[in-house]
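# Breakdown of the fold
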Amino acid sequence: MKRTKVVTLVILLMAFLLVGTSLFAKLTYGYVTPGPDTWYKKDVEGFRYAASLVGADVIVLNSDYDTEKEITNIKTLINMGVDGMCVFSFNPNGAFIAARECALAGIPLVVTDNVGQVLKSDYDVVACIDFDWHGMGINVANYIAEHYPGEKIASIMGLFEHVPVQIFRSAFEPRVNELGINQIVAVRDGKYTPTVAVDQAQDLIESGYDFSVLFIFNEEMAAAVVRMLKTRGLLNNPIKVITTNGAPYGIELIKEGSIKYSISTSPGWEGFVSFLALHAYTQGLITELNQQILLPNTPITPETIDDKTKVVPWDIDPIWIDLTRQYFPQYNPLY
């Protein structure tokens, strides 16, 4: 009888230890990133930084702009049994596939930079985390009209397949036409690759396109084009460069006058908020599904260029914590 009690006690103790191990094991989240571009790397860094604040692990898989690899990455993370997933897709279908696969597997999903398109899916997601790309398109068109009336515009976009590019164009190009003050003479695909952007800019120049304002979708591409324009004596003579993002190297180029205008959009802070939205759901703090969360974006002006609350750093910075507490106080109990 005593032996039976001892054995029973040992079994119960082992069961308790096993349950305790499960309860206190680290949460593991998966992140599918679209490619090697700096923007994506910084988004991952922000996600990981937020995870570190709550002691969670993150597994990152890179799709290298390959649709089949992206699907494989999504399924790999599902098979690993991650506690939640963030997908940053470079094509419109990737987020829909992730929504379907994660819903069927019962894994919470946050989608980054999809501009809310996945919310049209038949499957629930936790949230879409975005910047207001439509508002940015309007803002840039208005700025050009106000500061460079009558001048013609050429554009080098990021990747035509990328939804934020499509949303930006759907606002920017009609707004330019609506204002009637400027004319867009060419739109090229820069593929988020500086060397491609330089090739496109050189081709625009050598093909004889008449333009003096060059909009480039991000500062990584813009910085490379600026260097090329400098060597050819064309920077601000007459070609003015306008872009978006507020990257560290972009800030320096704005200060020296090589880039005339940009808008602050920190991918690091976006990744930070993406993690908190996902973690808030897995922890039961916020149970709402299909949220659309827009981060504020602000024009970079001489008055704001050194203010981290207006020109948000791309690199990991505690200011993200302060800004998140200000703009997204619902996550304050998490960290």
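See the structure printed just above.
What this report covers is the structure whose coordinates are included nearby.

About the cut-offs
- Residues numbered from 1 in each chain as written.
- Predicted model: local features only at pLDDT ≥ 70, side-chain atom pairs only at ≥ 80, totals over all residues.
- Heavy atoms only, no water.
- Helix = DSSP H or I, 4+ residues; strand = E, 2+ residues; numbered from the N terminus.
- Buried < 20%, exposed > 50% of the residue type's maximum accessible area, 1.4 Å probe, protein only.
- Salt bridge = Lys/Arg side-chain N within 4 Å of Asp/Glu carboxyl O.
- Phe/Tyr/Trp six-rings, centres within 6.5 Å; stacked < 30°, edge-to-face > 60°.

### Considering unusual backbone geometry
- In this chain, Asn-237 is followed by Pro-238 through a cis amide linkage whose omega measures 10°.
- Looking at the secondary structure, you find Pro-238 in the loop between helix H8 (219-231) and strand S9 (240-242).
- One non-glycine residue, Asn-245, adopts positive backbone phi at about 120°.
- For Asn-245, the position within the fold is in the loop between S9 and helix H9 (248-255).
- Judged by relative accessible area, Asn-245 falls into the buried class, the value being 3%.
- Positive phi, close to 60°, is recorded for Asn-290, a residue that is not glycine.
- Along the chain, Asn-290 falls in the loop between helix H10 (267-282) and strand S11 (291-295).

### Brief notes about the pattern of salt bridges
- Considering all chains together, one arrives at 16 salt bridges under this definition.
- Put simply, Lys-240 and Glu-151 hold a salt bridge, and the shortest N to O gap is 2.6 Å. Taken together, the residues Lys-240 in strand S9 and Glu-151 in the loop between helix H5 (133-147) and strand S6 (152-157) connect sequence positions 89 residues apart.
- Asp-203 is the salt-bridge partner of Arg-188, the closest N and O atoms lying 2.9 Å from each other. With Arg-188 in strand S7 (residues 183-189) and Asp-203 in helix H7 (residues 194-206), this residue pair connects regions lying 15 residues apart in the sequence.
- Given a relative accessible area of 16%, Arg-188 falls into the buried group.
- The network of salt bridges with common partners includes Lys-42, Glu-45 and Asp-315.

### A short note on the packing of aromatic side chains
- By the definition in use, this model includes 28 aromatic pairs.
- On the basis of an interplanar angle of 75° and a centroid distance of 5.1 Å, the ring pair of Tyr-31 and Phe-47 is categorised as edge-to-face. Residue Tyr-31 is found in strand S1 (residues 28-33), and its partner Phe-47 is found in helix H2 (residues 38-54); the two are separated by 16 residues along the sequence. Each of the two residues, Tyr-31 as well as Phe-47, counts as buried.
- Geometrically, the ring pair formed by Trp-133 and Phe-217 is stacked, given 5.7 Å between the ring centres and 25° between the ring planes. Residue Trp-133 is located in helix H5, and its partner Phe-217 is located in the loop between strand S8 (213-216) and H8; the two are separated by 84 residues in the primary sequence.

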